[in-house]
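Okay, here's what each chain looks like letter by letter:
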Amino acid sequence: MSVAGRVKPWIAALQPYVPGKPIEELERELGLTDVVKLASNENPLGPSPKALAAVRAALGGVHRYPDGACFRLRDKLSRRLDVAPGQLVFGCGADEILELVAKAFLGPGDECVFAWPSFAMYPIVTRGMGATPVAVPLDAQLVHDLDAIAQAIGAHTRVVIVCNPNNPTGTSVGAEAFERFATALPEDLVLVIDEAYVDFARRPDFPDALAWVRRRPGTLVMRTFSKSVGLAGLRVGYGIADPELAGFLERARHPFNVNLLAEVAAAAALDDHEHLERTRRLNAEGIELLTRELGALGIEVWPSEANFVLARPGPGAYERLLREGVIVRPLAGFGLPEHVRISIGLPDENERLVKALRRMIEEDAR
Ligand SMILES: *Cc1c(COP(=O)(O)O)cnc(C)c1O
C-alpha cells in the first residue's frame, strides 16, 4: 500500500485555495507590460514608508531567530487597542489565526458555521481538521443572514465565524443585528469575528467587535496587516480574545510563526497614521468612482464597507477583462458566475478597469 492509502481522507479531498492571478503570469501570457491587478484586495499605495525603513534597518539581523513572543509589536498593539498583552495572538497572516482556531476547536464530527459566499479559507481550514463546514447562504441583498446562521447552530457546532465586512461581497452587518445575534449564542461556542477589512468600514453603526471580546468570553476578533496596512507579502495578522481563549491559541502555534521582518514592519506601520489615512481616503474615492461609473454602464454594484466592490458585469467578464490586461477576482467558484470582485486601485488603475468594461459593453452592443 502507498501513502495514498494512509493519508487522512479529509486532506486528500481538499480543494486548495486559488489565489488571484499574479501580474507577471498574465504579462507573460499576453506579452503585455502594463497589467493591472485588482484581484487580491492589496493596498494600491504600497507599504507604509515607515514599515519599509524598519525592514531595511532590520535586514542585517535575519541570522537570528525572531522574537517568538512578538514583544514589541504586542506591547504597542495592546496599548493601541487597550487590551492586555496576553489577549493578543499573532500569526503568519490572519490565515494562521483561523488555522489555530481550527486546530484547537475542530475535529471529526465537529461543525464550523459561517455565511456563504464568504472567505474561501473557512471551509478549507475546517475540512483540514476533518470537521464539517456548514455554509449558510447570504440573504437576498448578499448580507449575512444572522437569523439563519443562529438556526444552523446545533449540538456539534464548535465555531461560528462572522466576516464583517464580508469578503467577497463588501456587505456588512450593523451593531443592532449583531447584538441580537451574539447575545443569543451558546456560551461554549467560539465566536470568530473576522475584521480583515475593519479599517475601511464607514457605516456609523458598525459593530464594536472589541466590546464583544470584553462582553462574551470565547469571542475572537481577527485582523490583519495585509489589507489596509499593505504588508500582505510579509504575512502578519492577529487575534484579540479573552486571556483564556488567547492562551489556547498560543499553545497551538509554532514558536516563531511571525518572522523578524514582519514583526518590525507591523510595529512601525502602527505609527504611520498618515499612510492609513491616505489609504482610507483613496479607497473611499475609488468606491465612489466605481459605483458611479459602473452604474452608468448599467452594471450592478453592491454597497461596500471594504476595499473592493462586488459587481455583476455578466458571464465571461473575468476572462474578457484578462484579455484587456485587467485582473479581477472571478466568483464562479462561489456560484456567482455573473459577478466579479474588484479591488480598489489607484485612480488610473480604476480608470483602466472602467474603460475595459466600457469596451466590453460596446462590443456586445455591436
Ligand atoms: C485577506 C483576508 C484574511 C487573511 O489575510 P492574511 O493575509 O492571511 O492576514 C482573512 N480574512 C479575510 C476575510 C480576508 O479577506
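Residues numbered from 1 in each chain as written. Predicted model: local features only at pLDDT ≥ 70, side-chain atom pairs only at ≥ 80, totals over all residues. Heavy atoms only, no water.

Visitor: I would appreciate a short explanation of the nonpolar core in the present structure.
Guide: For soluble globular proteins, nonpolar side chains are generally found buried alongside one another. Leu73, Val160, Phe178, Phe181, Leu191 and Phe225 are the most contacted members of the largest nonpolar core, which has 57 residues in total. Here the element with the most residues in this core is helix 11 (residues 260-269); it accounts for nine residues. Three or more residues apiece are contributed to this core by two domains, here domain 1 (20-46 + 273-365) and domain 2 (49-269). Residues contacting phenylalanine 225, with those up to four places away along its chain left out, are Leu73, Gly230, Leu231, Ala232, Val236, Gly237, Tyr238, Ala266 and Leu270. (Core = buried A, V, L, I, M, F, W, Y, C linked by side-chain atoms within 4.5 Å. Buried < 20%, exposed > 50% of the residue type's maximum accessible area, 1.4 Å probe, protein only. Helix = DSSP H or I, 4+ residues; strand = E, 2+ residues; numbered from the N terminus. Domains from an automatic or database assignment. Contact = heavy atoms within 4.5 Å.)

Visitor: What's the story with the packing of helix 5 (residues 94-105) against helix 6 (residues 121-128) in this structure? I'm lost.
Guide: Helix-helix packing: each pair is described by the crossing angle between the helix axes and the interaxial distance. The contact between helix 5 and helix 6 brings their axes to 9 Å, and the two run at 35°. Note on packing geometry: the crossing formed by helix 5 with helix 6 is right-handed. Contact with helix 5, carried on its side by Asp95, Leu98, Glu99 and Ala102, involves Met121, Tyr122 and Val125 of helix 6 and no other residues of that element. (Axes fitted to C-alpha atoms, helices over the stretch in contact; angles between N-to-C directions. Left-handed = near helix turned anticlockwise from the far one by under 90°.)

Visitor: Help me understand the site of the ligand, please; the structure alone is not making it clear to me.
Guide: Every one of the 13 residues lining the ligand counts as a neighbour, but Ala94, Tyr197, Thr224, Ser226 and Lys227 are closest to it. Alanine 94 has a polar backbone atom sitting 2.6 Å from an oxygen atom of the ligand. Between lysine 227 and the ligand, the recorded distance is 3.0 Å, taken from a side-chain N or O atom to an oxygen atom. For the ligand, whose unbound accessible area comes to 380 Å², protein coverage reaches 95%. Within the shell around the ligand, the residues separate by chemical class into five nonpolar, four polar and four charged. (Near = heavy atom within 4 Å. Polar contact = N/O pair within 3.5 Å; in protein donor to acceptor, adjacent residues only side chain to side chain. Areas by Shrake-Rupley, 256 points an atom, 1.4 Å probe, with all protein chains shown as cover. Nonpolar A, V, L, I, M, F, W, Y, C, P; charged D, E, K, R; others polar.)

Visitor: Explain the packing of helix 12 (residues 273-296) against helix 14 (residues 347-365) to me, please; I cannot follow it from the model alone.
Guide: Close contact between helix 12 and helix 14 brings their axes to 10 Å; oriented N to C, the two are set at 15°. Here helix 14 runs roughly parallel to helix 12, going by the angle between their axes. The two elements helix 12 and helix 14 cross, and the hand of that crossing is right-handed. On the side of helix 12, the interface is formed by Leu282, Gly286, Leu289, Leu290, Glu293 and Leu294, while helix 14 contributes Pro347, Asn350, Glu351, Leu353, Val354, Leu357 and Arg358. Of the residues in the contact of helix 12 with helix 14, the class split is eight nonpolar, two polar and three charged. (Parallel < 35°, antiparallel > 145°, perpendicular 65-115°, else oblique.)

Visitor: Mind showing me how you'd approach the packing of aromatic side chains here?
Guide: For any pair of aromatic rings, the description rests on two quantities: the centre-to-centre distance and the angle between the ring planes. Here the structure, examined in full by the defined rule, presents 10 aromatic pairs. Taken together, a centroid distance of 5.9 Å and an interplanar angle of 80° make the contact between phenylalanine 178 and tryptophan 212 edge-to-face. Remark: tryptophan 212 occurs in helix 9 (residues 209-215) and phenylalanine 178 occurs in helix 8 (residues 175-183); sequence separation between them is 34 residues. The class for phenylalanine 178 is buried, based on a relative accessible area of 2%. (Phe/Tyr/Trp six-rings, centres within 6.5 Å; stacked < 30°, edge-to-face > 60°.)

Visitor: Explain the pattern of salt bridges here, please?
Guide: When their charged atoms lie close together, side chains carrying opposite charge are able to pair. Per the counting criterion, the structure on display carries 21 salt bridges. Close ionic contact of glutamate 29 with lysine 21 constitutes a salt bridge, the shortest N to O distance being 3.2 Å. Judged by its relative accessible area of 15%, lysine 21 is buried. Connected through shared salt-bridge partners, Lys21, Glu25 and Glu29 make up one network. (Salt bridge = Lys/Arg side-chain N within 4 Å of Asp/Glu carboxyl O.)

Visitor: How should helix 8 be read in this particular structure?
Guide: An α-helix turns once per 3.6 residues; consequently, residues spaced three or four apart project the same way. Among the residues of helix 8, those classed as buried are Phe178, Phe181 and Ala182. Considered in projection along helix 8, the buried side chains sweep an arc of 90° and stay on one side of the axis. For helix 8, the exposed residues lying more than 90 degrees away from the buried face are Glu176, Arg180 and Thr183. Among the structural elements, helix 7 (146-152), strand 5 (157-163), strand 6 (190-194) and helix 9 are those in contact with the buried residues of helix 8. (Arc of directions from axis to C-beta.)

Visitor: Whenever I open this one, the sheet that holds strand 9 (residues 300-301) confuses me. Can you help?
Guide: Remark on secondary structure: sheet strands pair via backbone hydrogen bonds, oriented parallel or antiparallel. The four strands lie next to each other as 9-10-13-12, forming an open sheet whose pairing is antiparallel. Strand pairing shows two members of the sheet lacking a second neighbour, strand 9 and strand 12 (329-330), which therefore form its edges. Examined bridge by bridge, strand 12 and strand 13 (residues 340-343) share two bridges and lie antiparallel to one another. Bridging across to strand 13, proline 330 finds its partner in valine 340. (Pairing = 2+ DSSP bridges.)

Visitor: How do you make sense of the side chain of aspartate 194 when you look at a structure like this?
Guide: Topologically, aspartate 194 is positioned in strand 6. With no salt bridge to any partner, buried aspartate 194 finds its closest opposite charge in lysine 227, at an N-O distance of 7.2 Å. Only 3.1 Å separates the side chain of aspartate 194 from the backbone nitrogen of alanine 196, close enough to count as a polar contact. Those residues in contact with aspartate 194, other than ones at most four positions away along the chain, are Phe119, Tyr122, Val162, Cys163, Asn164, Pro165 and Met222. (Lys, Arg positive; Asp, Glu negative; His and termini not counted.)

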